[in-house]
Amino acid sequence: MITPKNILRHELIGLEVIIAGSSDPTLTSLRGRVVDETQKTLKIEASGKRKIVPKDICTFRFKVDSGLVEVSGKALVGRPQDRIKKK
Amino acid sequence: MAKRRAVDKRRVKRLARERMDLLFGLAREVFASEPELARRYVSLARRIGSRCNVRLTAGDKLCICRDCNAFLVPGVNCRVRTHARRVVVSCLDCGGVRRVPVTRERRGKLNKALLVNTG
């Protein structure tokens, strides 16, 4: 179960996401599904296109079972296999 | 203090298991359209498992290639045969082979595991 509590450590791939805000105006209100993740980026598929989005300049809103969770991208920086261990 | 460590470890492992299952499910979904992405999900699941000391289930192991991390689907990118009382799964991409001995106890589990992918 992905909860707002464990989102920092949980798998982001497969989640629907909206970029709530970003220092790059072309990225704000991008809406799609996470298909891949690296240490500093998320790859989001939006309307057929794959976009590579840096984590640290965006705030994301993820759709989980319980609703929407807003997360600052800076808190998500880290390799997916490292994030699960105490981050 | 000792209690806190144990609880954290359990939580991490549970989370790891959940993530790995999630990734396997996703790999199964995307395989039809993009097998390379499925391969990426498999390697990620393996890495999470090794990081958090969580093992793959016997069923998981049957559908991944140990050498190239491919998500194996019988008939598409792997060959499943029996030979000398073993189930032999051969990856058609890289030639990696996994052999599992079939014992009476294992038979039910193996059948179930293999059916999940073909179905």
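As the structure is a prediction and not an experimental result, all values here were calculated from the model.

Now for the nonpolar core. One broad rule of soluble globular proteins: the nonpolar side chains tend to lie buried together. Counting residues in each nonpolar core, the largest one holds 38 residues, and the members touching the most others are B:Leu23, B:Ala27, B:Tyr41, B:Val42, B:Ala45, B:Phe71 and B:Leu72. Elements with a minimum of two residues in this core: β1 (16–22), β3 (41–46) and β5 (58–64) of chain A together with α1 (2–31), α2 (35–52) and β2 (86–91) of chain B. A total of eight residues in this core trace back to one element, the largest contributor, which is α1(B). Once you skip the residues sitting within four places of it in the chain, B:Leu23 turns out to touch A:Glu11, A:Ile13, B:Tyr41, B:Leu44 and B:Ala45.

So, on to the pairing of β2(B). As a general feature of sheets, a regular strand has side chains that alternate between the two faces. Residues and elements named next belong to chain B. By the alternation rule, side chains of β2 split into Val87, Val89 and Cys91, which are all buried, and Arg86, Val88 and Ser90, of which none is buried. Sheet topology places strand β1 (residues 78–83) next to β2; six bridges connect them, and they run antiparallel. In the strand pairing of β2, threonine 82 is matched with valine 87. Linking β1 back to β2 in an antiparallel pair, the connection comprises two residues, with alanine 84 at a positive phi of about 50°. Here β2 pairs with strand β3 (residues 97–101) via five bridges, running antiparallel. Residue pairing in the sheet places valine 89 in a bridge with arginine 98 of β3. Between β2 and the antiparallel strand that follows it, β3, lie five residues; glycine 95 among them carries a positive phi value of about 85°.

Calculation rules
Within each chain, residue numbers correspond to sequence positions counted from 1 in written order. The order in which chains are written sets their letters, starting at A; the order in which ligands are written sets their numbers, starting at 1. The predicted nature of this model means local features are confined to residues of pLDDT at least 70 and side-chain atom pairs, given and counted, to a pLDDT of 80 or more, with totals for whole chains, interfaces and linings taken over all residues. Note on terminology: a nonpolar core is any set of buried Ala, Val, Leu, Ile, Met, Phe, Trp, Tyr and Cys residues joined through C-beta atoms within 7 Å. Any residue whose C-beta has 12 or fewer other C-beta atoms within 10 Å is treated as exposed, any with 20 or more as buried, and any in between as partly exposed, C-beta atoms being built from the backbone. A run of DSSP states H or I qualifies as a helix once it reaches four residues; a run of E qualifies as a strand once it reaches two. Both are numbered from the N-terminal end. By the convention adopted here, residues make contact when the C-beta atoms placed from their backbones lie within 7 Å. Any two strands with at least two DSSP bridges between them are considered paired.

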